[in-house]
Amino acid sequence: MQGEETMENDNGVICQLKDSEGVSLGPPIYLPLHVSPKHLQQIVNNLLDNEEKLPYALYIRDRQLVDELGNFLIKNRVSVERVVEIVYQPQAVFRVRPVTRCSATIAAHKGAVLSLAFSPDGKHLASGSSDTTVRLWDLNTQTPWHTCVGHTHSVLSIAWSPDSKYLVSGSKAGELQCWDIQTGKPLGRSLRGHKKWINDISWEPIHLQAPSHLFVSASKDGDARIWDVILMRCVMCLSGHTKSVTCVKWGGDGFIYTGSKDRTIKVWDPKEVKLIRELRGHGLRVNSLALSTDFVLRTGAFDHKGFDYDSPEEMKEAALDRYNKVRGNAPERLVSCSDDKSIYVWEPLVTKHSKFRLTGHQQPVNHVAVSPDGRWLASASFDKSVRLWNISTGKFVHAFRGHVGRVYRICWSPDSRYLLSGSKDSTLKVWDIRELKLKHDLPGHFDRVYAVDWSPNGEKVASGGKDRKLKIYMS
């Protein structure tokens, strides 16, 4: 191979260091072939003039550099006749240990577990079921804490406020209910206005408004509604879709994104109460939306250290700082997936045209999720596979295969090193993003897995499904 011959006759290679957005870190530099990732991290820190030395992950062609540069280039058949591009990505300051064992199997509900979520501060877990109840769980004893009764139909969606003070659930009857976390009792009457069931719920980011009190719901009736949990009423109705609104996101810039069965995605300005843009491209219904800042919007001011804050303003400031670090200089990106087997990456505040169209799945794409560091995009499909993409370049990285049934849901570990998937085949699987392989197979459910979540502090994974069981996994 010509690249190998060139390296045998030379002791180095010309490389260009770039950030994840493709911005060069100075001019190309000549690097010896024996340079290690540790040495490269030192070079990046020096070039960035970092006072505090930060850890960086380094990638060549979307594969992480974990060996000496020369060995990596030979192993991956990278030509050295051209400048080798090395992408540096700040790493999480903590490491999540992959979950390996089931620590609790709980007969959680009398019906299928349809939704579950850890609170942003990592202290609580909530689940919603077809038995019409919401349950709050004590994570220390792994036993039920409160059973929240008040819905008249299946609980399809639940969402925590970014400050962890409120939990809202939406049902198949079209009603929403806000719950008192300490008592498990309803906070006031149920919120009514939607004519059909609730598909999704998203809270206003806390770096925009603290304390949290506004959230938006998406319904099969074709509307999205904004609710105030202090006033306990609808304060705004976003109408315009011609069919069911299947998913909704409240972005970090303050705009609301709704995906629909009518194949469109709409961008709303809640301050002006108007539609500002419509995104078209999908040929069939939009199934799921994800933002490049999803994790930090969900967790707000809480990182893995679990700080307690003295005031809402202090929390707002901390959340804004975390948001700006994750977003960086790039615009907030929106990802959508559809029954048409495609995935689109958008920069909706820049243009109505998609940035990338990602294809490769052979069946409808049911769910998409962006890694907490904003680098990777994962997609789950009915074709039994999970695919990994580079969200900045739109390049396909790897297909994770191992499930023998449809993959319903995926979620990331907080350090972006592992991906979790839940399937119709009754299993969960943990995928290693660095090694691009299956890390752990987690059997235990007796039927399809509908809901999965990884706690924001990285310590636990929860899953629920048709077998009515809630399972908690630990490392």
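As the structure is a computational prediction, the values presented were derived from the model and not from experiment. (Residues numbered from 1 in each chain as written. Predicted model: local features only at pLDDT ≥ 70, side-chain atom pairs only at ≥ 80, totals over all residues. Heavy atoms only, no water.)

Helix and strand content of the protein: five helices and 36 strands. By the burial criterion, 57% of the 475 residues in the protein qualify as buried. Put simply, of all contacts in the protein between residues at least 6 apart along the chain, 52% involve residues at least 24 apart. As displayed, the protein offers around 20100 Å² of accessible surface, 46% of which is attributable to carbon and sulfur atoms. (Helix = DSSP H or I, 4+ residues; strand = E, 2+ residues; numbered from the N terminus. Buried < 20%, exposed > 50% of the residue type's maximum accessible area, 1.4 Å probe, protein only. Contact = heavy atoms within 4.5 Å. Areas by Shrake-Rupley, 256 points an atom, 1.4 Å probe, with all protein chains shown as cover.)

Looking now at the UniProt feature "domain: NLE" (unreviewed entry) in the protein. In this numbering, the UniProt entry assigns the feature "domain: NLE" (unreviewed entry) to residues 13-73. In the segment residues 13-73, helix accounts for 28% and strand for 28%; the C-alpha atoms at its two ends are 10 Å apart. (UniProt positions renumbered as here; feature names shortened; annotations may be inferred.)

Here the UniProt-annotated "repeat: WD" (unreviewed entry) positions come out as residues 106-147, 148-189, 191-229, 238-278, 358-399, 400-441 and 442-475. Along residues 238-278 the backbone is 0% helical and 56% strand, and the end-to-end C-alpha distance reaches 13 Å.

Time to look at a nonpolar patch on the surface. A cluster of nonpolar side chains, namely Ile14, Tyr30 and Val83, defines an oily patch on the protein surface of about 290 Å² accessible area. Within the secondary structure layout, Tyr30 lies in strand E2 (residues 29-32). (Patch = residues over 30% accessible without salt bridge, like charges linked within 9 Å, V, L, I, M, F, W, Y side chains within 5 Å. Salt bridge = Lys/Arg side-chain N within 4 Å of Asp/Glu carboxyl O.)

The subject of this paragraph is the environment of Asp62. Within the element layout of this structure, Asp62 appears in the loop between strand E3 (56-60) and strand E4 (63-64). Note: C-alpha distance between Asp62 and Trp376 (314 residues apart in sequence) is 9.8 Å. Apart from the residues lying within four places of it in its own chain, the contact partners of Asp62 are Arg375, Trp376, Asn390, Thr393, Lys395 and Val397. Among the polar contacts made by the side chain of Asp62, one reaches the side chain of Asn390 at a distance of 2.6 Å. (Polar contact = N/O pair within 3.5 Å; in protein donor to acceptor, adjacent residues only side chain to side chain.)

So, about the pattern of salt bridges. One pass over the structure, following the stated rule, counts 16 salt bridges. A salt bridge links Lys18 to Glu85, with the shortest nitrogen-to-oxygen separation between them at 2.9 Å. Here the residue Lys18 occupies a position in strand E1 (residues 12-18), and Glu85 occupies one in strand E5 (residues 84-90), the gap between them amounting to 67 residues. Residue classification places Lys18 among the buried residues on the basis of a relative accessible area of 17%. If you follow the salt bridges from partner to partner, you end up with Glu21, Arg333, Glu347 and Lys355 in one network.

Looking at the element boundaries, Pro186 is found in the loop between strand E13 (176-180) and strand E14 (198-203). Pro186 gets classed as partly exposed once you look at its relative accessible area, which sits at 34%. When neighbours within four sequence positions are excluded, Pro186 is seen to be in contact with Val149, Gln177, Cys178 and Trp179.

So, about the pairing of strand E34 (residues 449-454). Where burial is concerned, most of E34 is hidden: five out of the six residues are buried. Here five bridges tie E34 to strand E35 (residues 460-465), and the two strands are oriented antiparallel to one another. Among the inter-strand pairings, Val449 is bridged to a residue of E35, identified as Gly465. In sequence, E34 turns back onto E35 through a hairpin of five residues, with Gly458 there showing a positive phi of about 85°. (Pairing = 2+ DSSP bridges.)

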